[in-house]
Amino acid sequence: MTSTVSDVVTTVGRKMPLQMQQNTSGDPEEIWRLMCAKSRIYVRNSCMMDAHPELLLSMRTVLFDWMMDVCEAEKLHRETFYLSMEYIDRFLTFTENLPSSKLQLFGTVAIHIACKVEEVYPPKLKTLVSYTDGACDTDEVRDAEQIMLKDLCWLLNPLTAVHWLGVYLLLLGRVENENADEKQWYVSEVGTARNMVYNLLNDSAYDFSKVMRTTFINMAQVLDLCMLDPRSVQYDYAVLAAAVFWCYFEPDELIEELTGFQMEQLCSVCTFVEPYACVWERRRPPGHPLPAFEGVDANDFHNIQTHVDDYDSWMKEAEEIRAEMSRANEPRHKRVNVVQSALPLPQFLSSRPLIEMQNSPTGSPTEQLHEMRP
């Protein structure tokens, strides 16, 4: 099955950022090539739900909302949540006719596998099963795990969207002061990360400065909202992360240098992402201090996944902002900041209103999953 994701924007052939030269964990060009090539290995199909007649687009969102809630409750890392979402999307890509009653089962399996890959101390299986409220038991999860691993061909280490976001921020921290002065790049927030060395291909828990952690959390929250939207499947993870990065930093030359994409490649995905950045900036608490988690090292707080409460209202407000942007139809060069910016809506999005999301059930993630069961 061929994915249409790569038809929108491909990561293959992207120019390597100059800041990669500061990476001492191996050949920078080879590392960058391997990072970009993963999008050809981990394939998702934007039309995957067509092969599952019982599943609606809104069910994917409800499932991911529940999975996000579980990850927050168990203090799991953002990367764990993003891995589990990737497993679900790819599993749905390579399977057919999945009953809606089994969706939460495989969501549990996806979290279970992701915990084994990412977490140092993964929660016990019976703990994860307890969040399903009787929808499945441990034996069913173990049996379903074998099915999912086989369908995923045991490919369990993609570069997720949140991983790419961390990579871009680390590369931003390596921009030299003199270049920032000459080109007026706004990188003062992340200057303290300039001399850090990371294995960009494998490390997924990033140790940023305190100010940079707040920026990372804001951007990750926007990315969370984007991932709940089924339309996000049309875009490669590196592209989605680059669009979120564009919402928070300028000028465009900086975005192009650090991500390897040209702005004309990112135009449509930026239009998709920006309403979520706008609604997050409108709603986030003043100051938005770093979250604290009991039993978690303070330097790791920003890497712990948090849940988006009442996601339905967030997404409805984002759709209203999207409609306003479409009516305004202002050119991109008039963008001032993330809240005031306005972009035209591309045809393929304006012709596909997210009716399923607007009509999705309300209530807690577990209650919504109950309604999906026969």
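About the thresholds
- Residues numbered from 1 in each chain as written.
- Predicted model: local features only at pLDDT ≥ 70, side-chain atom pairs only at ≥ 80, totals over all residues.
- Heavy atoms only, no water.
- Helix = DSSP H or I, 4+ residues; strand = E, 2+ residues; numbered from the N terminus.
- Buried < 20%, exposed > 50% of the residue type's maximum accessible area, 1.4 Å probe, protein only.
- Contact = heavy atoms within 4.5 Å.
- Areas by Shrake-Rupley, 256 points an atom, 1.4 Å probe, with all protein chains shown as cover.
- Core = buried A, V, L, I, M, F, W, Y, C linked by side-chain atoms within 4.5 Å.
- Domains from an automatic or database assignment.
- Phe/Tyr/Trp six-rings, centres within 6.5 Å; stacked < 30°, edge-to-face > 60°.
- Lys NZ or Arg CZ within 6 Å of the ring centre and 35° of its normal.
- Axes fitted to C-alpha atoms, helices over the stretch in contact; angles between N-to-C directions.
- Parallel < 35°, antiparallel > 145°, perpendicular 65-115°, else oblique.
- Left-handed = near helix turned anticlockwise from the far one by under 90°.
- Nonpolar A, V, L, I, M, F, W, Y, C, P; charged D, E, K, R; others polar.
- pLDDT = per-residue confidence, 0-100.

Can you walk me through the overall build of the protein in this structure?
Scanning the protein from terminus to terminus reveals 17 helices and zero strands. Every one of the 374 residues in the protein was classed for burial, and the buried ones make up 58%. The contacts in the protein between residues at least 6 apart in sequence include a share of 80% that link residues at least 24 apart. Surface exposure of the protein reaches about 15,600 Å², of which carbon and sulfur atoms provide 50%.

Got a minute to help me understand the nonpolar core in this structure?
Across soluble globular proteins, you tend to see nonpolar side chains buried next to one another. Met148, Trp164 and Val273 are the most contacted members of the largest nonpolar core, which totals 102 residues. Taken domain by domain, this core gets at least three of its residues from each of domain 1 (43–152) and domain 2 (161–181 + 191–328). Not counting residues within four places of it along the chain, the set of residues in contact with Val273 comprises Val222, Cys226, Leu240, Ala243, Val244 and Cys247.

Where do I start with the packing of aromatic side chains in this structure?
Any two aromatic rings considered together are summarised by their centre-to-centre distance and by the angle between their planes. Under the counting rule described, the total for this entry stands at 10 aromatic pairs. On the basis of an interplanar angle of 35° and a centroid distance of 5.7 Å, the ring pair of Trp164 and Tyr168 is categorised as tilted. With Trp164 and Tyr168 both in helix 8 (residues 161–172) and four residues apart, this pair spans about one turn of that helix. Considering the side-chain rings of Phe272 and Tyr276, the 5.9 Å spacing of their centres and the 75° angle between planes classify their relative orientation as edge-to-face. Of the two residues, Phe272 and Tyr276 both sit in helix 13 (residues 263–283), four residues apart, roughly one turn of that helix. Of the two residues, Phe272 and Tyr276, neither departs from the other in class, the shared state being buried. Three or more aromatic residues joined by ring pairs make a cluster, and in this case those are Trp32, Trp164, Tyr168, Phe245 and Phe249. When the ring centre of Tyr237 is taken as origin, the NZ or CZ atom of Arg44, which lies over that ring, is 4.0 Å away. Residue placement shows Arg283 over the ring face of Trp314; its charged tip is 4.9 Å from the ring centre.

When you look at the packing of helix 11 (residues 237–248) against helix 13 in this model, what are you seeing that I'm missing?
Packed helix pairs are characterised by how far apart their axes lie and by the angle those axes make with each other. Where helix 11 meets helix 13, the axes come as close as 8 Å, and the angle between the chain directions of the two elements is 60°. When the interaxial angle is binned, helix 11 and helix 13 end up oblique. Seen along the crossing, helix 11 lies across helix 13 with a hand that is right-handed. From helix 11, Val239, Leu240, Ala242, Ala243, Val244, Trp246, Cys247 and Tyr248 reach across to helix 13, where they touch Met263, Leu266, Val269, Cys270, Phe272, Val273, Glu274, Ala277, Trp280 and Glu281. Considered class by class, the residues forming the contact of helix 11 with helix 13 number 16 nonpolar, no polar and two charged.

Help me out: how do you make sense of the confidence of the model for the protein in this one?
Note that predicted coordinates carrying low pLDDT should not be read in detail. Of all residues in the protein, 72% attain a pLDDT of 70 or more, and the chain-wide mean is 79. Here residues 176–198 is modelled with pLDDT under 50, and outside its nearest four sequence neighbours on either side it reaches 44 contacts, counting other chains as well. The low-confidence segment residues 331–361, where pLDDT is below 50, has 71 contacts with residues more than four positions distant or belonging to other chains.

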